[in-house]
There are 2 protein chains.
Amino acid sequence: MGYGCVMAVDPDHVLRSAATLLTRKSTATMDEVARAAGISRATLHRHFAGRDALVRALEALGIAECEAALDAARLDEGPVGDAVRRLVAEIEPQAGLLAFLYTENQLFEGEEQNAGWARIDERIADLFRRGQETGEFRIDLTPAWLTEALYGLLASAAWAVAEGRVAPREFTYMIVELLLGGARRPTDTPTA
Amino acid sequence: MGYGCVMAVDPDHVLRSAATLLTRKSTATMDEVARAAGISRATLHRHFAGRDALVRALEALGIAECEAALDAARLDEGPVGDAVRRLVAEIEPQAGLLAFLYTENQLFEGEEQNAGWARIDERIADLFRRGQETGEFRIDLTPAWLTEALYGLLASAAWAVAEGRVAPREFTYMIVELLLGGARRPTDTPTA
DNA sequence: CTTGAGTGAGACAGGGATGTCTCACATGGG
DNA sequence: CCCATGTGAGACATCCCTGTCTCACTCAAG
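What you are looking at is a predicted structure, and each value in this text was computed from that prediction instead of being measured.

Novice: Give me the lowdown on the overall build of chain A, citing residues and values where you can.
Specialist: On a plain count of helices and strands, chain A comes out with 9 helices and 0 strands. Start at the N end of chain A and walk to the C end: the helices and strands fall as α-α-α-α-α-α-α-α-α. Across the 192 residues of chain A, 51% fall into the buried class. Accessible area for chain A stands at about 9,300 Å²; split by element, carbon and sulfur atoms hold 54% of it. Considering chain A, the positive charge centre built from 20 side chains and the negative charge centre built from 29 side chains are found 5 Å apart.

Below is the structure:
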């Protein structure tokens, strides 16, 4: 029974479904991934040789989306603060996928990671470096740390939104304001 | 051969070893955990009924350490900014374990989480709330978000240090400065 | 109508981790 | 000296996921 639609499966749709599911449950089975995409495990295996291949495809998707966001944000134009805001806004839809890939990368020690991440890291770090050179950003927080912190805040925000602790519409605002302005009131002068 | 020392195993030492290992490789096997603690898998099983029990014990340890850090930081005393600095400094040694437990909790959707985390969340959120009431902190970033952001920054920093992207001695400084002051120069006025 | 491509369902073997068990052995106390 | 406790090593069954396969079936094209 139920030999349903036989139309060719859209690999991109499968990837999107997998990203959505793995964002929620990063240990999901191949069978669960297939069900979530509305296809059978056999068909999933026909399109992705194995779980590794699926994750690597997901990683490639995440990298591509990130680079698209970087392009769309026009990081070279205008004040760095505004560029950061544009970047976070562009990258917001991918935050869940990024959080998954970010933690997934922590799982393997020493393993060589995809070169795409290095490129993305570099572009974001360059943005913060530009902010320091223009005098807009402080120089005691390294670009590498600011980049890392951005990833951490994106992941935290994605989880907080998923669990209902933060309103979805405040996602970008919360991240950007904290990253740029910090928790202190702008009129306050540091006590230390 | 090698029927080594038969002295009773110290469960706390086992937990510490497990925390150190799982911080690096969160998918470590029970056998690897046992080896890391210098005991056999059989003995590990005698002290912790299973992997679940081990993780739950690790969670209890993390909660206890966190609450100890919260107590030691004397969050009610003095300026909130200083209290945050003390808190991060106290919690720094546990950042790796916290990062492991933090991501581990994201693995299970909907599952009831340990009540200890809710208590800790509450105490930290109260700290930020106090900062808002004293006028030291801005009110547009919710205490819940600041709490979540602190977790994210702790995890990011722990990983960045583990991978050599950030110097260990700058751990507390980087987190506190970003969380409190943001990336902008204190003298700058926002462009927007 | 016929045929081929693509799919779903299920069976099957293999690997890896888990949990349990037994047994040999070392240590400390009586 | 002897025994109880606790450990290490290994065997063992079990479970779950994976990867591959076969077969029946549907749809679209010719």
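On we go from here.
Novice: Which residues make up the confidence of the model for chain A, and what values do they have?
Specialist: Residues with a pLDDT of 70 or more make up 92% of chain A, whose mean pLDDT is 91. Per-residue pLDDT stays below 50 along residues 188–192 of chain A; that stretch engages in 5 contacts with residues further than four places along the chain or on separate chains.

Novice: Outline the interface of chain B and chain A, supporting the account with residue identities and numerical values.
Specialist: Every contact between the two is made by 46 residues of chain B and, on the other side, 47 residues of chain A. Between chain B and chain A the total buried area reaches about 4,900 Å² when both faces are included, carbon and sulfur atoms providing 56% of it. When the area that chain B buries against chain A is broken down by residue, the three leading residues are Arg138, Trp145 and Arg184 of chain B, summing to 15%. Our count for the chain B to chain A interface comes out at 4 salt bridges. Note that arginine 138 of chain B and glutamate 177 of chain A form a salt bridge whose closest N and O atoms lie 2.6 Å from each other. Those elements that place two or more of their residues in the side of chain B that touches chain A are α5 (80–91), α6 (95–107), α8 (143–162) and α9 (171–181) of chain B.

Novice: So, empty space enclosed by the protein: which residues are in play, and what are the values?
Specialist: Per the counting criterion, the structure on display carries 2 cavities of 30 Å³ or more. Considering only enclosed or pocket space, the largest cavity measures out at about 240 Å³ in volume. Surrounding the largest cavity, 16 residues form its lining, Tyr102, Asn105, Trp117, Asp121 and Tyr151 of chain B being those nearest its centre. Of all elements in the fold, only α6, α7 (115–133) and α8 of chain B reach the threshold of two or more residues within the lining of the largest cavity. Counted by class, the lining of the largest cavity contains 9 nonpolar, 3 polar and 4 charged residues. Taken together, Tyr102, Gly152, Ala155, Ser156 and Trp159 of chain A together with Tyr102, Gly152, Ala155, Ser156 and Trp159 of chain B make up the lining of the second largest cavity. Of all elements in the fold, only α8 (143–162) of chain A together with α8 of chain B reach the threshold of two or more residues within the lining of the second largest cavity. Here the residues of the lining of the second largest cavity are counted per class, giving 6 nonpolar, 4 polar and no charged.

Cut-offs applied
Residues numbered from 1 in each chain as written. Chains lettered and ligands numbered in written order. Predicted model: local features only at pLDDT ≥ 70, side-chain atom pairs only at ≥ 80, totals over all residues. Heavy atoms only, no water. Helix = DSSP H or I, 4+ residues; strand = E, 2+ residues; numbered from the N terminus. Buried < 20%, exposed > 50% of the residue type's maximum accessible area, 1.4 Å probe, protein only. Areas by Shrake-Rupley, 256 points an atom, 1.4 Å probe, with all protein chains shown as cover. Lys, Arg positive; Asp, Glu negative; His and termini not counted. Charge placed at Lys NZ, Arg CZ, Asp CG, Glu CD. pLDDT = per-residue confidence, 0-100. Contact = heavy atoms within 4.5 Å. Buried area = accessible area lost by both parts, 1.4 Å probe. Salt bridge = Lys/Arg side-chain N within 4 Å of Asp/Glu carboxyl O. 1 Å grid on protein atoms, 1.4 Å probe; cavity = no way out; pocket = protein on both sides within 12 Å on 5 of 7 lines; lining within 4 Å. Points joined across faces, edges and corners; volume = space filled by probe spheres on them. Nonpolar A, V, L, I, M, F, W, Y, C, P; charged D, E, K, R; others polar.

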